[in-house]
Structure formats: C-alpha cells, structure tokens
Amino acid sequence: HGLIFNVVCAIAAAALINVGQFAGRHDLSALHRSIRSAIGLAVGATPDFFALLLPFTGPALSAFGFSSDKATFATGFLFLALMAARDTLESIQLILTSGLRGVGDTRFVLAARLGVSGLIWTPLFLFAAHSNSPLFAWASMPVAFATHGFVLFLRYRSLRWTAIKLTE
C-alpha cells in the first residue's frame with residue numbers, strides 16, 4: 001500500500017507543477033491533458049499494483065497469524081479489494097486536489113475537504129466505530145474519497161478556477 005501511495009503522490013506532485021506552469025501560460029488545453037494523463041496514470045497503476053498482490057494474499061494473511069482457511073482468505077480478499085478501491089479513489093481526489101491547488105484554488109480545496117470530512121467522513125467513521133465492524137469502517141473510506149473526488153471534479157469541470165489570477 002505504501003509503495004503505490006508514494007507513486008501516486010509523485011504523480012500528483014508532477015500534476016501540480018505541470019498545472020501551475022500551464023495555468024501561468026494560459027494554456028488550458030495542455031492543463032486539461034495534464035490532469036487527464038495524471039488521473040489515467042494513477043487509475044491505471046493502482047489496480048495493477050493490487051492485482052500483483054492477489055497471489056500473495058494467503059501468505060500475507062498467514063504472516064500476520066491468520067489461518068489459511070477459505071473464510072479467512074475470503075475476508076482478507078474483501079479487505080484487499082476495499083483497499084484497492086479506496087486507493088484508486090484517493091488517487092483521483094489527490095490529483096484533482098493538486099490540479100486545483102496548482103491553479104490557485106486552494107481555498108475551495110480546503111473548504112471541500114472540511115465539508116466532506118464533517119458531513120461524510122466523520123459521521124461514517126463514528127458509525128463504523130460504534131457498529132464494531134472493521135469491514136464497515138473500511139467500506140466507508142471509498143465512499144468518503146469518492147465524495148471528495150466528485151466535489152473536486154465538479155469544481156474542476158465548472159472552470160470557475162480560471163477566474164483566479166495568479167501572481168504575475
């Protein structure tokens with residue numbers, strides 16, 4: 001998980017730099033291509049990474065003291081699938097965050113993060129903590145990242161950020 005997250009962070013950092021440069025040149029077509037390419041790279045790399053982990057699910061569970069029966073393997077596989085979905089959605093929202101920050105829309109990114117955290121993430125997490133279900137807690141994470149990514153995507157598509165004037 002840490003390995004693919006570092007790759008996605010590098011892609012997001014590159015997107016931030018590229019978007020800032022293209023915004024400074026007022027080259028919106030290159031800016032849009034840069035964001036699409038970064039999302040494509042991250043969305044392509046994340047599931048591929050987790051697909052490489054599938055053959056090692058059993059040995060990984062055994063290394064942490066879990067039995068190798070079918071029920072434990074099925075549960076481990078479900079957690080791995082949730083982690084892959086979560087990381088894929090997190091990579092999309094991370095790149096959109098970087099893109100909007102690169103054009104100077106940092107206030108909206110902060111407001112969206114606070115809003116989604118307060119309205120979605122925190123209530124889901126509290127409910128998951130009281131439900132005593134780790135599976136529900138893990139399932140709530142993709143929902144929160146998808147919601148945040150969707151809000152950022154709507155902002156990106158609105159083109160309102162094009163009115164932001166960066167320092168000359």
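Please read all numbers here as calculations on a predicted model, not as lab measurements.

Novice: Could you give an account of the environment of Val8, naming the residues involved and the relevant values?
Specialist: The residue Val8 is located in helix H1 (residues 2–24) in this model. The residues contacting Val8, other than those within four sequence positions of it, are Ala42, Thr46, Ser91 and Leu94.

Novice: So what's going on with the packing of aromatic side chains? Residues and values would help.
Specialist: With the rule as written, the count across this model stands at four aromatic pairs. On the numbers, 5.2 Å between centres and 75° between planes, the contact of Phe127 with Phe136 is edge-to-face. You can call Phe127 exposed: its relative accessible area is 52%.

Novice: Any details on helix H2 (residues 28–53)? Residues and values, ideally.
Specialist: Relative to the 38 Å expected for 26 residues at 1.5 Å per residue, H2 spans 38 Å between its end C-alpha atoms, a close match to the ideal helical length. Those residues of H2 hidden inside the fold are in contact with H1, helix H4 (70–102) and helix H6 (134–158).

Novice: Pulling in residues and values, what's your account of a nonpolar patch on the surface?
Specialist: A cluster of nonpolar side chains, Leu54, Phe73 and Phe77, forms an exposed patch at the surface whose accessible area comes to about 260 Å². For Phe73, a relative accessible area of 38% translates into the label partly exposed.

Novice: Please set out the pattern of salt bridges residue by residue, giving values where relevant.
Specialist: One pass over the structure, following the stated rule, counts three salt bridges. For Asp87, the salt bridge identified is with Arg86, shortest N-O distance 2.7 Å. The residues Asp87 and Arg86 share a single accessibility class, namely buried. Residues joined in a network through salt bridges with shared partners are Arg86, Asp87 and Glu90.

Novice: Now, about the packing of H4 against helix H5 (residues 106–131): what can you tell me, with residues and values included?
Specialist: At a closest axis distance of 8 Å, the pairing of H4 and H5 adopts a crossing angle of 145°. Where H4 crosses over H5, the handedness of that crossing is left-handed. Seen from H4, the contacting residues are Gln93, Thr97, Leu100 and Arg101; seen from H5, they are Thr106, Val109 and Arg113.

Novice: Outline the side chain of Ser98, listing residues and values.
Specialist: Among the structural elements, Ser98 can be located in helix H4. Looking at Ser98, its side chain comes within polar contact range of the main-chain oxygen of Ala12, at 3.4 Å. Excluding residues within four positions of it along the chain, Ser98 makes contact with Ala12 and Leu16.

Novice: Now, about the packing of H5 against H6: what can you tell me, with residues and values included?
Specialist: Between H5 and H6, the shortest axis-to-axis distance is 9 Å and the interhelical angle comes to 165°. By the angle between their directions, the pair H5 and H6 is classed as roughly antiparallel. Seen along the crossing, H5 lies across H6 with a hand that is right-handed. For the pair H5 and H6, the contacting residues are Phe108, Val109, Ala112, Arg113, Val116, Ile120, Trp121, Leu124, Phe127, Ala128 and Ser131 in the first and Phe136, Ala137, Ser140, Met141, Val143, Ala144, Phe145, Thr147, His148, Val151, Leu152 and Arg155 in the second. Of the residues contributing to the contact of H5 with H6, the split by class is 17 nonpolar, four polar and two charged.

Calculation criteria
Residues numbered from 1 in each chain as written. Predicted model: local features only at pLDDT ≥ 70, side-chain atom pairs only at ≥ 80, totals over all residues. Heavy atoms only, no water. Helix = DSSP H or I, 4+ residues; strand = E, 2+ residues; numbered from the N terminus. Contact = heavy atoms within 4.5 Å. Phe/Tyr/Trp six-rings, centres within 6.5 Å; stacked < 30°, edge-to-face > 60°. Buried < 20%, exposed > 50% of the residue type's maximum accessible area, 1.4 Å probe, protein only. Expected span 1.5 Å × (residues − 1). Patch = residues over 30% accessible without salt bridge, like charges linked within 9 Å, V, L, I, M, F, W, Y side chains within 5 Å. Areas by Shrake-Rupley, 256 points an atom, 1.4 Å probe, with all protein chains shown as cover. Salt bridge = Lys/Arg side-chain N within 4 Å of Asp/Glu carboxyl O. Axes fitted to C-alpha atoms, helices over the stretch in contact; angles between N-to-C directions. Left-handed = near helix turned anticlockwise from the far one by under 90°. Polar contact = N/O pair within 3.5 Å; in protein donor to acceptor, adjacent residues only side chain to side chain. Parallel < 35°, antiparallel > 145°, perpendicular 65-115°, else oblique. Nonpolar A, V, L, I, M, F, W, Y, C, P; charged D, E, K, R; others polar.

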